[in-house]
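Residue-level structure breakdown
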Amino acid sequence: MRKRAILALLAAGLVLVLGLGAAALVLFGSDDPVQRAEPRATPTPTPTSSAPPKPKPPQRSLLSGRLGRKDGPLLAVKIDNTGAAHPQAGLAKADVVYIEQVEGGVTRLVALYSSELPKTVAPVRSARITDIELLRQYGTVGLAYSGAQKKLVRKLKRSKYLRLASFDESRRGYTRSPARPMPYDVIGYPRTLLQRVGKVDRPTRVGYSFGAAPAGGRAAHHVTVQYPGARVDAVWSAARKRWMLAMDGRADRAAEGGQLGPTTFVVQYVTVTRSAYHDFRGSNTPFSSTVGSGKALIFRDGRVYQAAWSRWKPSQPTAYSIGGKRAVFAPGQVWVALVAKNRPARVS
């Protein structure tokens, strides 16, 4: 009996302890997450403070500043600029066009193509001694031309930086037009000519940039550049935002239609001397030196800026400056008239 009483007392005590433990769980909770009455809240992610990525600046040609244009391999084409050569084809799509003096004081053009190629260029004419030094600043360049003095051809072929596509050596990339008189009838096809010259450089640096007009300058409407046997006029058109060109008093019409005119027109004063070369008539070929330094006039947005140019060795690009700062050109085609220092331009 006594043993049964003890067992009953122990059982009653166990029941009491279990009841108290259950009550404690109800009152104070449990460390077991399964036993918790409320689930843990999901933490709210903290918003990041990083700014969205900046959009890439629009692609722009290094040579002409044209938007949406990717610079490609460089092709230079010699184009006649006398009266019988007009209208010329393909010039509107050139990035840069140089006007240089040749025999008899008339002019010839060097058109540089990189960001865009026209279907045809015409009329393709002969190379000159000025071209070798002038084009060296652009690296290895393709040069398309028709004819040159034999002694000069040897010098052209010795140049490490010119890849030649001569009409006289191969008709690949050329044809003759029955609609044009000889020798102004040679038509070039730039895409084929580029294939023909092989690997040439793309432009990587130039001595100017593109953007808004710099401070200073003065209003200008008309500039006349006088060569010994030719005249070039550029008249500002606010409606077209270009300097409309005239050659020898006649509007410079493109074969494709419209009047030619760059957004930036540069008059670069250079030293012009006699060379060791001549044309088939015996007239001496002038040489325009583009290495050194000198004065320049830069025309853009209806204004003219007094400027300077420098190029201390042939492999350097020509650097143009306004007031000691790098010149800023208007986006679009650039024409550069290489003019003798003793022939100042008339500006009105």
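Provided above is the structure to which this section pertains.
Description of the structure in this document. (Residues numbered from 1 in each chain as written. Predicted model: local features only at pLDDT ≥ 70, side-chain atom pairs only at ≥ 80, totals over all residues. Heavy atoms only, no water.)

Focus: the overall build of the protein
When helices and strands are tallied, the protein shows four helices and 22 strands. Burial status across the protein gives 49% buried among its 348 residues. Taking all contacts inside the protein whose residues are at least 6 apart in sequence as the whole, residues at least 24 apart take part in 63%. Within the structure as shown, the protein displays about 18,500 Å² of accessible surface, and the carbon and sulfur contribution to it stands at 56%. (Helix = DSSP H or I, 4+ residues; strand = E, 2+ residues; numbered from the N terminus. Buried < 20%, exposed > 50% of the residue type's maximum accessible area, 1.4 Å probe, protein only. Contact = heavy atoms within 4.5 Å. Areas by Shrake-Rupley, 256 points an atom, 1.4 Å probe, with all protein chains shown as cover.)

A short note on the sheet that holds strand β13 (residues 250-251)
Read from one edge of the open sheet, five strands run β13-β12-β11-β10-β22, paired in antiparallel fashion. Each of the sheet's edge strands pairs with one partner strand only, and the pair in question is β13 and β22 (346-347). Where strand β10 (residues 222-227) and β22 come together, two bridges link them in antiparallel fashion. Within the sheet, the bridge partner assigned to V223 lies in β22 and is V347. (Pairing = 2+ DSSP bridges.)

A word on a positive patch on the surface
The grouping of K150, K151, R154, K155 and R158 at the surface amounts to a positive patch. Structurally, K155 is set in helix α3 (residues 150-158). (Patch = residues over 30% accessible without salt bridge, like charges linked within 9 Å, V, L, I, M, F, W, Y side chains within 5 Å. Salt bridge = Lys/Arg side-chain N within 4 Å of Asp/Glu carboxyl O. Lys, Arg positive; Asp, Glu negative; His and termini not counted. Charge placed at Lys NZ, Arg CZ, Asp CG, Glu CD.)

Observations concerning the environment of P331
Along the polypeptide, P331 turns up in the loop between β20 (328-329) and β21 (334-340). A residue is classified by how much of its surface remains accessible, and P331, at 36% relative accessible area, is partly exposed. Placed 266 residues apart in sequence, P331 and G65 show a C-alpha to C-alpha distance of 4.5 Å.

Concerning empty space enclosed by the protein
Scanning the entire structure with this criterion turns up one cavity of 30 Å³ or more. Around the largest cavity sit 13 residues that line it, and Y98, Q137, Y138, Y208 and T318 are the ones nearest its centre. Among the secondary structure elements, those contributing two or more residues to the lining of the largest cavity are β2 (96-101) and β21. Along the lines of polarity and charge, the residues of the lining of the largest cavity split into ten nonpolar, three polar and no charged. (1 Å grid on protein atoms, 1.4 Å probe; cavity = no way out; pocket = protein on both sides within 12 Å on 5 of 7 lines; lining within 4 Å. Points joined across faces, edges and corners; volume = space filled by probe spheres on them. Nonpolar A, V, L, I, M, F, W, Y, C, P; charged D, E, K, R; others polar.)

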